[in-house]
Amino acid sequence: MPAHSATDRTSPRASAQPPLGPDAFAALVAHIPGTVFRSEATAPWHVRFMSGTHEVSTGRSVHEYLADGELYLTLIHPDDHPGFTQTFSQALAERRPYVAEYRVLHCDGSWHWARQHARGVYAEDATILFVDGVIFDIRAERREQERVRKLANALPVAVYQSRLDENDRPRMLYISDAIEQLTGYSAQAVMADLLILFSRIHPKDLPGFVAADAQAFHARAEFAQEVRFFRADGQQRWMSVKSSPYTTEDGEIAYQGFMEDITERKLAEERVRASESFLQQIFDTSNVAIFLVNPQGIITRANRKMAQMFGCTIEQLTGAPYVSLVDPVERQAGHRKMLALLASDIDSVNLERLYLRHDGKTFWGNLTGKRFNGSDGTEYGLIGVIMDVSERRRAEEEVRNLAFYDPLTNLPNRRLLLDHLQTCIDASTRNGLYGALIFIDLDNFKTLNDSLGHDVGDQLLRAVAGRLQSVVRKGDTVARLGGDEFVVVLGSLDASALIAARMANGVGLKIIEQMNSPYELQHNAVRSTPSLGIALFRGNESNIDELLKHADLAMYQAKTGGRNTLRFFDPEMQERINARALIESELYDAMEKRQFLVYLQPQVNIYGDCIGAEALVRWNHPVKGIISPTQFIAISEETGQIRAIGHWVLYEAMRLQRRWQANIATRDIVVAINISARQFHLASFVNEIEQLLESTGADPSRLQFELTESVLLNDADVAIAKMLAMQALGIGFALDDFGTGYSSLAYLKRLPLRQMKIDQSFVRDILSDPNDLAICRSIIVLAASLGLHVIAERVETREQWELLRAEGCEEAQGFLFAGPMPEDEFVRWLDVGA
């Protein structure tokens, strides 16, 4: 509906181009998606030329029109004929081109919409010679226009398009029928005279409307105005007019927009304004803090009571983030929660939190918040009410402490302990993980209490409570049962009972270590040791009373065992933990006292020749004798001692290979060495190998490192780079225990391997289990396709070896040939004849 001014309007100008030749012109005409024609300039519009074979809008043959030059004119719809004739005649009289749209009878009997673009051709004396033009079939375009028109008419607003005509007068290009319901004037009337709408704008609003329209047109900007408007029946309504500029096909600027009746909204706004003064009085005189935050969490309004509550002015509150009022400990979490609330569909909130006054003091407040929407549905944020509940919280806290906490140590008492323990048991039922209950009793506490007094005893109990809390994890529970008895509850340790026991044992040892340090109590250096009893639990296998009894019994076993120690309720588990702890401590002595040995197990080919020897570590224990690596390698991996042990094995195996170079029976034998993950992933591992080769003089071409899949899967690219670096030194590689992990063929083919080892788990039942046979066969075929040797582990019978050889396995090791043995026995075994 905007008028728009005509300043700086531009018209496109054609640039001069060279004339087309006859062939080029004919090709151009043939590609126009319409019918090119030439007709006489005077009635009855006689056709002299038409392009193509059939005219596009009627589907009739061009020959029909050339034979009867007046035929086309007779096919135009009777209702459209006068308008077409007027457009045609007026355009020729004014010596300008014309565009006419009309319906024409198609040869199939239906009416098609057509558009004709034409202009007169004149002689030098200005006499018109004929008319040239193009006819287009616009049926599809008209159909789309009709669909859009129906859609626009169904909207509760009047949709329009407008522009300025050649005389800078506003002209409506289109307006939907909804304009009549809004204004009382039909779309046809408005299309004929747009100024009819301008005349109905309230006189006080009209100047601003026209000025805003002109400004928007010159700036090529969007236009939006709200004005009072008098309908045709005299009724005054509020109207909103909005439009946006766009460029038409001919380069002109036009506007498209809509007109909407906003009377109800305006009346609602007026009612809000009328009641705002009354609401402001309630807001300011309320006895609770009231405030409003916007969707970004910024306070936009606050009352006097809120300013008093926080010890500041209303101006200091307005514009501040709401979370700046929250205690710093909760501030970040509170900000996330508020933004989540504002972004959610939750309508209200009620919670208590700690607030911070401007003087730095804190208080507990109850916040009640609710979404705050304007009368038009606009969401303004959250309106909140805060009440100071500090006194009530203090009273509740005192009651809670009396009911659930030990007044001396401020630790949970028996009642709260039982509640926490039940929670851990319930969690264990869900996740299947073991937990542990540690019962702690102070050794000789009664003697200390009697000799130094109850005050010192109380100080000791408080100190013990602090040390216990410093040892356990954040989610674990430390409680005081009474007297000198404490309990620690460890939740969610592990699904393995043994591993869970080791973890609980570790916490127990830390408790003992912490509590063994002297306490400074009233200038006295007091020592107090503990006795600990540990009971594992998982799910509802044991109830709470049984758990406490088990841990208590274990604690008395610790006292019987000499105090200042711990015991598990399960004797077998205690024995296993003790055995493991013993091995762990003795491993350190083993390295220092050189108790490790290198054993060798032969590797043979299909002819029975020994072609390799796997170097295997053994622990020559001074009491237990030779210990298998299965009993100590895993422990050394966990403690990190595997690095030192692995380095020693590498050094001894390379020295052995250097000695073998002088013996014709051993110089060609490849020494295979197992490399652990901790060794291999050391950044200095390649340098370590280079130094060992240099110091021992070993032949790298007679060394082969055996790596498991788990070593390589951690970071395949880094692993391959290390392997290539060591391959450049001459060292070969075997993939150990193949098939037991999750090998990826994508990286397997990239590994610089010599050999692939079939794991003993597949060889053991190869004669009886078809699946094991199929796996062995697949590994052999895969190795062959990758150009690798394949060796089977743990071959123990002639039948196993015969079957493996038949499937293409070239090498084997196992007790069928020989078990692991010291170097001197290995050499004798070679002499006897492998």
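These remarks concern the structure in this document.

Observations regarding the packing of helix α22 (residues 642-660) against helix α24 (residues 685-696)
At their nearest, the axes of α22 and α24 sit 9 Å apart, and the two run at 35 degrees to each other. When the axes of α22 and α24 are compared, the crossing they make is right-handed. Seen from α22, the contacting residues are His647, Leu650, Tyr651, Met654, Arg655 and Arg658; seen from α24, they are Phe685, Glu688, Ile689, Leu692, Leu693 and Thr696. Looking at side-chain class alone, the contact of α22 with α24 contains seven nonpolar, two polar and three charged residues.

With respect to helix α15 (residues 414-431)
If you check α15, its first and last C-alpha atoms are 26 Å apart, about what 18 residues at 1.5 Å a residue would give, namely 26 Å. Listing the buried residues of α15 in full gives Leu416, Leu417, Leu421, Cys424, Ile425 and Ser428. Backbone geometry just after α15 places glycine 432 at a positive phi near 75 degrees.

Some remarks on the pairing of strand β28 (residues 732-738)
Along β28, six of the seven residues are buried, which leaves the element largely enclosed by surrounding structure. The pairing of strand β27 (residues 703-708) with β28 spans five bridges and is parallel. Its bridge partner lying in β28, threonine 708 is registered against aspartate 736. Pairing of β28 with strand β29 (residues 755-758), which is carried by three bridges, proceeds in the parallel orientation. Note that in β29 the partner of leucine 735 across the bridge is methionine 756.

Let's talk about the sheet that holds strand β21 (residues 530-537)
The five strands lie next to each other as β17-β18-β16-β21-β22, forming an open sheet whose pairing is mixed. Sheet topology places β17 (477-482) and β22 (566-568) at the edges, where each strand pairs with a single neighbour. The average undirected angle you get between the axes of adjacent strands in this sheet is 20 degrees.

Focus on unusual backbone geometry
Positive phi, close to 75 degrees, is recorded for alanine 126, a residue that is not glycine. Mapped onto the secondary structure, alanine 126 falls in the loop between β4 (111-122) and β5 (128-137). By relative accessible area, which is 41% here, alanine 126 ends up partly exposed. Non-glycine residue asparagine 410 carries a positive phi angle of around 60 degrees. On the secondary structure map, asparagine 410 appears in the loop between α14 (390-404) and α15. In this structure asparagine 410 comes out as exposed when scored by relative accessible area, which is 51%.

Structural notes on the packing of aromatic side chains
Aromatic ring pairs are described here by two measures, namely the spacing of the ring centres and the angle between the planes. All chains considered together, the criterion is met by 23 aromatic pairs. Arranged with centres 6.3 Å apart and planes meeting at 75 degrees, the rings of tyrosine 322 and tyrosine 355 form a pair that is edge-to-face. Residue tyrosine 322 is located in the loop between α12 (314-317) and α13 (328-343), and its partner tyrosine 355 is located in strand β13 (residues 348-356); the two are separated by 33 residues in the primary sequence. With relative accessibility at 0%, the residue tyrosine 322 sits in the buried group. Here tyrosine 355 falls in the buried class, since its relative accessible area comes to 0%. Taken together, a centroid distance of 6.2 Å and an interplanar angle of 40 degrees make the contact between phenylalanine 596 and tryptophan 619 tilted. Of this pair, phenylalanine 596 sits in strand β23 (residues 596-605) while tryptophan 619 sits in strand β24 (residues 610-621); the two residues are 23 residues apart in sequence, bridging distant segments of the chain. Tryptophan 619 matches phenylalanine 596 in its accessibility class, with the two residues each being buried. Through a chain of ring-to-ring contacts, the aromatic side chains of Tyr65, Tyr72, Phe84, Phe88, Tyr98 and Tyr102 assemble into a single cluster. Arginine 393 extends its terminal NZ or CZ atom over the ring of tryptophan 364, reaching a point 3.5 Å from the ring centre. Above the face of the phenylalanine 404 ring, arginine 415 is positioned so that its terminal group lies 5.8 Å from the ring centre.

Section: the state of the cysteines
By definition, a disulfide links two cysteine residues through a covalent bond between their sulfur atoms. Under the counting rule described, the total for this entry stands at zero disulfides. Cysteine 809 supplies the cysteine sulfur nearest to cysteine 610, a cysteine that is in no disulfide, at a spacing of 15 Å. Exposure remark for cysteine 610: the relative accessible area of 15% places this residue in the buried category. Left without a disulfide partner, cysteine 809 is nearest to the cysteine sulfur of cysteine 776, which lies 8.2 Å away. Overall, cysteine 809 belongs to the buried group, its relative accessible area being 2%.

Thoughts on the sheet that holds strand β12 (residues 299-302)
Pairing within the open sheet is antiparallel, and its five strands lie in the order β12-β11-β15-β14-β13. If you trace the sheet from one side to the other, it starts and ends with β12 and β13, each paired once. Recorded for the sheet is a direction-independent mean angle of 30 degrees between the axes of neighbouring strands. Sheet topology places strand β11 (residues 289-293) next to β12; three bridges connect them, and they run antiparallel. Within the sheet, the bridge partner assigned to phenylalanine 291 lies in β12 and is alanine 302.

Describing a nonpolar patch on the surface
Where nonpolar side chains cluster on the molecular surface, the patch consists of Phe372, Tyr380 and Ile383 and spans about 240 Å² of accessible area. Considering the arrangement of structural elements, one finds tyrosine 380 in strand β15 (residues 379-388). Under the relative-accessibility criterion, tyrosine 380 is labelled partly exposed at 39%.

Considerations on the pairing of β29
Looking along a regular strand, one sees side chains alternate from face to face of the sheet. Residues Gln755 and Lys757 point to one face of β29 and Met756 and Ile758 to the other, with burial holding for every one of them. In the sheet, β29 pairs with strand β30 (residues 789-792) via four bridges, with the strands oriented parallel. Residue lysine 757 lies in a different strand from β30, and its bridge partner there is isoleucine 791.

Remarks on the environment of aspartate 233
Turning to its location among the elements, aspartate 233 is positioned in the loop between β8 (223-230) and β9 (236-247). In this structure the C-alpha to C-alpha distance between aspartate 233 and tyrosine 355, which are 122 residues apart in sequence, comes to 61 Å. A polar contact of 3.1 Å, which involves the side chain of aspartate 233, links it to the backbone nitrogen of glutamine 235.

Brief notes about the layout of surface pockets
Of the voids in this model, the second largest pocket is the one considered here, and its volume is about 970 Å³. Lining the second largest pocket we find 36 residues, and of these Glu614, Leu616, Pro629, Asn674 and Asp736 sit closest to its centre. Among the elements of the structure, β24, α21 (633-639), α22, β26 (670-674), α23 (677-680), β27, α25 (709-713) and β28 are those that each provide at least two residues to the lining of the second largest pocket. It is β24 that contributes the most residues to the lining of the second largest pocket, five residues altogether.

Let's talk about the pattern of salt bridges
Going through the model one piece at a time under the given rule, you end up with 32 salt bridges. A salt bridge links arginine 115 to glutamate 101; its shortest N-O distance comes to 2.8 Å. Within this pair, whereas arginine 115 is found in strand β4, its partner glutamate 101 is found in strand β3 (residues 98-105), the two being separated by 14 residues in sequence. Relative accessible area serves as the criterion here: at 34%, glutamate 101 is assigned to the partly exposed category. Each of the salt bridges in this network shares a partner with another, and the network as a whole consists of Glu226, Arg265, Lys266 and Glu269.

What counts, and where the lines are drawn
Residues numbered from 1 in each chain as written. Predicted model: local features only at pLDDT ≥ 70, side-chain atom pairs only at ≥ 80, totals over all residues. Heavy atoms only, no water. Axes fitted to C-alpha atoms, helices over the stretch in contact; angles between N-to-C directions. Helix = DSSP H or I, 4+ residues; strand = E, 2+ residues; numbered from the N terminus. Left-handed = near helix turned anticlockwise from the far one by under 90°. Contact = heavy atoms within 4.5 Å. Nonpolar A, V, L, I, M, F, W, Y, C, P; charged D, E, K, R; others polar. Expected span 1.5 Å × (residues − 1). Buried < 20%, exposed > 50% of the residue type's maximum accessible area, 1.4 Å probe, protein only. Pairing = 2+ DSSP bridges. Phe/Tyr/Trp six-rings, centres within 6.5 Å; stacked < 30°, edge-to-face > 60°. Lys NZ or Arg CZ within 6 Å of the ring centre and 35° of its normal. Disulfide = S-S within 2.5 Å. Patch = residues over 30% accessible without salt bridge, like charges linked within 9 Å, V, L, I, M, F, W, Y side chains within 5 Å. Areas by Shrake-Rupley, 256 points an atom, 1.4 Å probe, with all protein chains shown as cover. Salt bridge = Lys/Arg side-chain N within 4 Å of Asp/Glu carboxyl O. Polar contact = N/O pair within 3.5 Å; in protein donor to acceptor, adjacent residues only side chain to side chain. 1 Å grid on protein atoms, 1.4 Å probe; cavity = no way out; pocket = protein on both sides within 12 Å on 5 of 7 lines; lining within 4 Å. Points joined across faces, edges and corners; volume = space filled by probe spheres on them.

Coordinates in, geometry out; function isn't part of it.
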